[in-house]
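Observations on the model geometry
Residue-level listing of the chains:
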Amino acid sequence: MASKSLLIKDTTVDERMEIVKVALGGFGDAECEGIDMDDLYDDYIFGRKELAEINREFSAQNAGTVRTDKADQPSGCGMGR
């Protein structure tokens, strides 16, 4: 079964909100490592940037910021409140 396109041109605002909600799963209103997960994908939801562009920018901005001394500790990301 082929999956539906996630591109802005192929989705509505409501569909994009649902895509982000499902993709983020348990984040809810949480902050993850100082990033407001509710706001991270607003540009996609409102049709300003594609998901791939947002993810590339995020990766470029945060590359190398993961500390190995904290790798074995849970970050709280995705944890229910």
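See above for the structure.
Right, let's walk through the structure included here. (Residues numbered from 1 in each chain as written. Predicted model: local features only at pLDDT ≥ 70, side-chain atom pairs only at ≥ 80, totals over all residues. Heavy atoms only, no water.)

Considerations on the overall build of the protein
To keep things clear, this is the line we draw: Only runs of H or I of at least four residues qualify as helices and only runs of E of at least two qualify as strands under DSSP, and these elements are numbered from the N terminus. With a 1.4 Å probe rolled over the protein chains alone, any residue whose accessible area is under 20% of its type maximum counts as buried; one over 50% counts as exposed, and the rest are partly exposed. Any two residues whose heavy atoms approach within 4.5 Å at even a single point are treated as in contact. Values of accessible area rely on a 1.4 Å probe in the Shrake-Rupley scheme; residue burial ignores everything except the protein chains shown.
Of the regular secondary structure elements, the protein holds four helices and two strands. For the protein, buried positions account for 19% of its 81 residues. Of the contacts made within the protein by residues no fewer than 6 positions apart, 52% connect residues no fewer than 24 positions apart. In the structure as shown, the protein presents an accessible area of about 6100 Å², 54% of it carried by carbon and sulfur atoms.

Some thoughts on the nonpolar core
Quick note on the threshold: Nonpolar cores were defined as sets of buried Ala, Val, Leu, Ile, Met, Phe, Trp, Tyr and Cys residues, with membership established by side-chain atoms within 4.5 Å.
Counting residues in hydrophobic clusters, the biggest one holds eight residues: Ile8, Val20, Leu24, Tyr41, Tyr44, Ile45, Leu51 and Ile54. For this core, the secondary-structure elements that each account for two or more residues are helix H1 (13-24), helix H3 (42-45) and helix H4 (51-62). Once residues within four sequence positions are removed from consideration, tyrosine 41 is found in contact with Val20, Leu24, Leu51, Ile54 and Asn55.

Considerations on H1
We apply this condition: What a helix is expected to span follows from its residue count: subtract one and scale by 1.5 Å. Think of the arc as the fan of directions from the helix axis to the C-beta atoms.
With 12 residues, H1 should reach 16 Å at 1.5 Å per residue; the first-to-last C-alpha distance of 17 Å fits that figure. Within H1, the full set of buried residues consists of Arg16, Val20 and Leu24. The arc that holds the buried residues of H1, viewed along the axis, is 60 degrees, so those residues lie on one side. Exposed and oriented more than 90 degrees from the buried face of H1 are Asp14, Lys21 and Val22. Remark: glycine 25 follows H1 within two positions and exhibits a positive phi of approximately 50 degrees.

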